[in-house]
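# Remarks on the overall topology
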Amino acid sequence: METIALSAYVLIWPLIALGVLVVITVAFFKEWARSRREGRDII
Amino acid sequence: MDGLESAQFSMPWIIGLLVLFYGGTFWISLKIRKRKENADSYMTGGHNVGFGISAGSMTATWIWASSMYAAATSGYTYGISGPIHYGLWGALMILFIYPFGKRIRAVAPRAHTLAEVMFARHGRSSQLLLAGSNVVGSLISLMSNFIAGGVLISLLSPFNFTQGVLTVAAGVLLYTLWSGFRTSVLTDFIQVVAMLGAVAVIVPAIFFAAGFPAAFESGAANLTPEQGNFFSSEAFLNQGAPYIAAVLAYAIGNQTIAQRLFAVKSTLIRPTFVTATIGYGSMVIGVGMLGVLALYLGVEPVGGDVNNLIPQMAAQYLPIGLLALFFIMIIGALSSTADSDLAALSSIVMTDVYGQNVAGKAKAKPTTMLLIGRLTMVVATALAVIFASFQLNILDLLVFVGALWGALVFPVIASFYWKKVTNKAFTVSVVVALAVFIPVRFGVIPMVGPVGIVVDILSVIGIGVVLGLMAFGFFGLRPALVIGGVAAVASAPFVIGFLHQYATLSGSLVAYAVSAVVCWAMSVRSSHQFDFGEIARRTGDYATEHDDDTDPQAASAAAASRSRDLDPTP
């Protein structure tokens with residue numbers, strides 16, 4: 001039981017990192033597409 | 001066998017990786033380069049940066065190579081709670097400063113630096129205290145990131161330390177120089193994507209390659225009872241608590257964070273800060289877990305240097321492809337912070353030195369500002385490379401800057417909410433707090449008898465100030481006073497007669513307490529009633545849509561026109 005809990009404790013962080021990666025990447029490409037449509041620089 | 005010798009990249013591999021990383025970031029800087037770069041965009045990206053880039057950039061800037069190494073060291077030293085006591089508090093600080101960020105942006109929507117805002121709020125001495133602390137802090141940060149790069153390259157390749165430092169310094173300067181902050185945030189985004197991806201892959205890869213989860217049982221004997229306790233008081237007192245106090249100061253005082261605050265679209269401040277909180281926490285705690293795994297495995301750091309733990313674990317358990325990904329992750333972490341430091345330093349010199357103290361805001365020429373900004377980056381890089389060769393004690397320098405920022409936290413925050421705070425109260429409170437901090441932190445006066453008790457009483461007040469400030473941002477004055485007061489009273493029995501033995505924590509808390517008490521005492525009877533609307537009127541863009549690099553006269557005319565708006569005389 002303790003082994004399972006410790007494994008989850010160690011491996012949850014890479015999983016959350018993956019989630020954040022998806023969120024900011026999707027946001028970036030939406031902003032990039034919008035800036036292209038509007039004919040301006042993304043930054 | 002530590003794995004490092006056998007896992008070195010060959011010369012073609014290391015050159016290929018460095019060219020891939022710095023060549024890629026340089027290519028990005030070329031893609032966004034403008035023939036006529038704008039001074040305000042060079043400093044803040046036009047105050048209109050979107051969520052994806054802002055959140056990525058905020059996360060990347062908050063993470064430097066030392067964050068990764070220190071989180072793993074904390075896991076190795078303090079056991080299973082160690083990475084939490086490094087990464088979680090660092091992450092929460094991003095969240096805690098978000099309400100202050102909203103307030104700062106509301107009163108100074110088009111500022112470039114926090115010091116510039118302090119000039120508008122108070123005057124020159126307050127501005128120079130903030131600007132000076134940031135110049136010192138960013139130079140130290142730049143130097144330590146170059147050192148981290150030099151050490152990593154020398155560990156994993158045939159290059160030596162000096163060659164590594166020069167490669168990293170040249171690479172970062174190359175892509176940051178032309179477009180400044182705009183390049184910094186865009187490459188931050190790419191770098192944070194690489195870092196998040198690397199953490200998502202590398203931590204599970206090492207976990208399974210090293211024989212976990214079975215190693216949790218076979219290696220349990222390697223942990224002391226305190227290291228195996230998730231609620232370890234030793235971990236909290238030695239790592240967590242000093243870090244809470246230090247990072248609140250870093251988050252408020254550091255221009256690299258303030259610069260991103262002034263850059264993000266104002267409606268996106270909350271999602272940006274929340275995402276950066278989660279991104280920072282997951283990445284740093286995830287890497288910190290490598291230290292915990294090393295502890296279970298009974299790994300001894302090479303040469304007794306705990307900074308070698310992460311490269312050692314990576315070298316021992318990762319195949320060459322993932323080791324390359326690991327290398328990019330660390331180079332990305334240190335480069336993203338180094339380019340932010342360069343952008344912050346250039347903004348401070350452009351705005352706080354040239355814009356407001358040499359030329360004056362009305363006469364500042366955007367073209368000259370850009371030239372000064374770029375020269376600042378070159379000089380700062382050269383200085384950081386020179387300092388890197390001196391092998392200074394980075395931790396002591398960082399603690400000093402942390403305390404300087406700790407002394408600034410209450411006066412800075414109070415200056416954005418309380419009309420009574422004056423320039424004199426701000427300056428005197430910071431200077432007195434520093435004067436008390438130095439003997440406490442560096443043991444100039446023996447902490448025995450009544451001296452120790454006085455330090456403990458100040459620490460109790462410091463605890464109240466830190467928790468009160470955190471609560472104030474979210475809940476307002478009354479709850480903050482209650483939470484700060486309860487925290488101080490509740491902690492007093494445990495702190496008085498005891499905490500002065502922990503010099504790092506006592507020093508930070510004393511800096512908070514003294515600056516808060518002096519600033520409050522000097523302001524409470526003041527008749528000063530500052531109009532916060534003045535800050536927006538006194539800060540703003542240097543260039544306009546019509547300002548143009550080839551037409552300094554037009555820029556001067558625009559600046560003169562703006563100065564008429566600021567002139568208090570009819």
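Conventions and cut-offs
Residues numbered from 1 in each chain as written. Chains lettered and ligands numbered in written order. Predicted model: local features only at pLDDT ≥ 70, side-chain atom pairs only at ≥ 80, totals over all residues. Helix = DSSP H or I, 4+ residues; strand = E, 2+ residues; numbered from the N terminus. Buried ≥ 20, exposed ≤ 12 C-beta atoms within 10 Å, placed from the backbone. Contact = placed C-beta atoms within 7 Å. Nonpolar A, V, L, I, M, F, W, Y, C, P; charged D, E, K, R; others polar. Axes fitted to C-alpha atoms, helices over the stretch in contact; angles between N-to-C directions. Parallel < 35°, antiparallel > 145°, perpendicular 65-115°, else oblique. Domains from an automatic or database assignment. Left-handed = near helix turned anticlockwise from the far one by under 90°. Core = buried A, V, L, I, M, F, W, Y, C linked by C-beta atoms within 7 Å.

## Points about the overall build of chain A
- The helix and strand tally for chain A stands at one helix and zero strands.
- Its C-alpha atoms give chain A principal-axis dimensions of roughly 55 × 15 × 5 Å.
- Every one of the 43 residues in chain A was classed for burial, and the buried ones make up 26%.

## Here we look at the interface of chain A and chain B
- Each side of the interface is counted separately: chain A has 20 residues, and chain B has 34 residues.
- Class assignment for the residues of the side of chain A that touches chain B results in 15 nonpolar, three polar and two charged.

## Topic: the packing of helix α7 (residues 114-121) of chain B against helix α8 (residues 124-156) of chain B
Residues and elements named next belong to chain B.
- Two elements in contact, α7 and α8, have axes separated by 7 Å at closest approach and are oriented at 170 degrees. Regarding the angle of α7 to α8, the classification is roughly antiparallel. Between α7 and α8, the residues in contact are Leu114, Ala115, Met118 and Phe119 and Arg124, Ser126, Gln127, Leu130, Ala131 and Asn134, respectively.
- Split into classes, the residues belonging to the contact of α7 with α8 amount to six nonpolar, three polar and one charged.

## Side note on the domain arrangement of chain B
All names here are of chain B.
- Domain boundaries assigned for chain B yield domain 1 (11-392) and domain 2 (395-539).
- For domain 1 versus domain 2, the separation of C-alpha centres amounts to 26 Å.
- With 37 residues of domain 1 at the interface, the matching set in domain 2 holds 34 residues.
- Put simply, the parts of the chain that give the side of domain 1 that touches domain 2 at least two residues each are α6 (98-107), α7, α8 and α12 (233-253).
- With eleven residues, the top contributor of residues to the side of domain 1 that touches domain 2 is α12.
- The class makeup of the residues in the side of domain 1 that touches domain 2 is 26 nonpolar, seven polar and four charged.

## With respect to unusual backbone geometry
- Here Phe212 of chain B and Pro213 of chain B are connected by a cis peptide whose omega angle stands at 10 degrees.
- Note on placement: Pro213 of chain B falls in the loop between α10 (181-209) and α11 (214-218).

## Details of the packing of α8 of chain B against helix α17 (residues 366-390) of chain B
All names here are of chain B.
- Two elements in contact, α8 and α17, have axes separated by 8 Å at closest approach and are oriented at 60 degrees. When the axis of α8 is compared with that of α17, the two are oblique. Read as a crossing pair, α8 and α17 show a hand that is right-handed. Of α17, the residues touching α8 (which contributes Leu139, Leu142, Met143, Phe146, Ile147 and Gly150) are Ala380, Leu383, Ala384, Val385, Phe387 and Ala388.
- A breakdown of the residues in the contact of α8 with α17 according to their chemical character gives eleven nonpolar, one polar and no charged.

## Here's the deal with the nonpolar core
All names here are of chain B.
- With 212 residues, the main nonpolar core has Phe146, Leu248 and Val409 as its most contacted residues.
- Considering every element that reaches this core, the biggest residue donor is helix α16 (residues 320-358), with 19 residues.
- Viewed by domain, this core spans two of them, domain 1 (11-392) and domain 2 (395-539), each represented by three or more residues.
- With sequence-adjacent residues up to four places away left out, Leu248 is seen in contact with Met93, Phe96, Val409 and Val466.

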